[in-house]
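Below, each chain spelled out in residue letters.
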Amino acid sequence: MESTQQRLFSFLNLIEILGIFTVLFLAGLFQLIYHELPCPLCLLQRVGFIGICIGLLMNLRFGPKPAHYSLTLLSALLTSWIALRQIALHVVPGTGSYGDPVFGFHLYTWSFILSTFTLLYTAIVLAFQQQYSMVRPVSKVITFFTQLCFVLLFAITLLNGISTVLECGFHYCPDNPTHYIF
Amino acid sequence: MLAVIFILLILTILSAWLKYRKLAITFFVLALVMSVILFYHHVSGHLTIHL
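Residues numbered from 1 in each chain as written. Chains lettered and ligands numbered in written order. Predicted model: local features only at pLDDT ≥ 70, side-chain atom pairs only at ≥ 80, totals over all residues.

Draft legend 1. Geometry of the overall build of chain B. A tally of helices and strands in chain B yields two helices and zero strands. Taken across its 51 residues, chain B has 37% of its residues classed as buried. (Helix = DSSP H or I, 4+ residues; strand = E, 2+ residues; numbered from the N terminus. Buried ≥ 20, exposed ≤ 12 C-beta atoms within 10 Å, placed from the backbone.)

Below is the structure:
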């Protein structure tokens, strides 16, 4: 039987996954609607966000484990470094920016804020020892949402992979892409 | 190279979905290491240009 604590930690993981899904969905929307091709650093940030999701989904699939949170933290840390690097590239006045701002910030600035928030959030959630001694199996509702998240994440990753191949092929991406090579 | 990272991520998701935990973690770590290498390549390339 599923305990309240088990439901709570599964719920917290799901909330974080849905937040990251929203980011990836919006990034894809910008690419399709506004025809803003993602730069190599933008694509690496997407890789980082997908990595965050995978770590959390493994918690839902195999039960919470410090190793899964560790994967999430490493991905969030890498994402924040990449975003910070991109901010640094455009921080000097006159160096321009990449893409249009959303609510006053560029997407890479939002990426830095969100990855730092993810670092903080995950560091707090992983500290609760009770979740690691929980007994499986989980309820059908959590299993359903886990499967749904797997389908969505698989679709998002596949679409991003296809878009990357269309944009860069199997080589290094151009620094400032203007068109698809295929 | 980014396309290879996405392929590794897809393999990670499929492995986790099919409950192969260790395989999933292996693919994940490979993807993460490749991302770090690519990031380093980008940063060092820019440093060379600026210096």
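Picking up after the structure, the text goes on.
Draft legend 2. Focus on the overall build of chain A. A tally of helices and strands in chain A yields five helices and zero strands. Starting at the N terminus and walking to the C terminus, you meet the elements of chain A as α-α-α-α-α. Expected size for 182 residues packed as a compact globule is a radius of gyration near 16 Å; at 18 Å, chain A falls within 12% of this value. A burial count over chain A gives 39% of its 182 residues as buried. Here the contacts in chain A between residues at least 6 apart in sequence split such that 74% fall between residues at least 24 apart. (Rg over C-alpha atoms; globule rule 2.2 N^0.38 Å. Contact = placed C-beta atoms within 7 Å.)

Draft legend 3. Here's a closer look at the nonpolar core. Ranked by size, the top nonpolar core spans 50 residues in total, and within it Cys53, Ile54, Leu57 and Leu153 of chain A together with Leu2, Leu9 and Phe28 of chain B carry the most contacts. Listed by contribution, the elements that provide at least two residues to this core are helix H1 (4-33), helix H2 (40-62), helix H3 (66-90), helix H4 (107-125) and helix H5 (140-168) of chain A together with helix H1 (2-17) and helix H2 (21-50) of chain B. Looking at this core, the element that brings in the most residues is H2 of chain A, giving 14 residues. The residues touching Leu153 of chain A, leaving out its near neighbours within four places in the chain, are Ile50, Cys53 and Leu57 of chain A together with Ile13 of chain B. (Core = buried A, V, L, I, M, F, W, Y, C linked by C-beta atoms within 7 Å.)

Draft legend 4. Broad picture of the interface of chain A and chain B. Residue-level contacts link 31 residues of chain A with 24 residues of chain B. Counting residues per element, the ones that place at least two in the side of chain A that touches chain B are H2, H3 and H5 of chain A. Counting residues per element, the side of chain A that touches chain B draws most heavily on H2 of chain A, which supplies 12 residues. Each residue belonging to the side of chain A that touches chain B can be placed in one class, and the counts come to 23 nonpolar, six polar and two charged. (Nonpolar A, V, L, I, M, F, W, Y, C, P; charged D, E, K, R; others polar.)

Draft legend 5. Broad picture of the confidence of the model for chain B. In the predicted model, chain B carries a mean pLDDT of 88, and 88% of its residues have values of at least 70. Across the predicted assembly, pTM comes out at 0.91 and ipTM at 0.89. (pLDDT = per-residue confidence, 0-100.)

Draft legend 6. Quick look at the environment of Cys39 of chain A. All names here are of chain A. Here Cys39 is to be found in the loop between H1 and H2. Along the backbone, Cys39 and Asn176 are 137 residues apart, and their C-alpha atoms lie at a distance of 6.1 Å. Not counting chain neighbours up to four residues away, the residues in contact with Cys39 comprise Tyr98, Asp175, Asn176 and Pro177.

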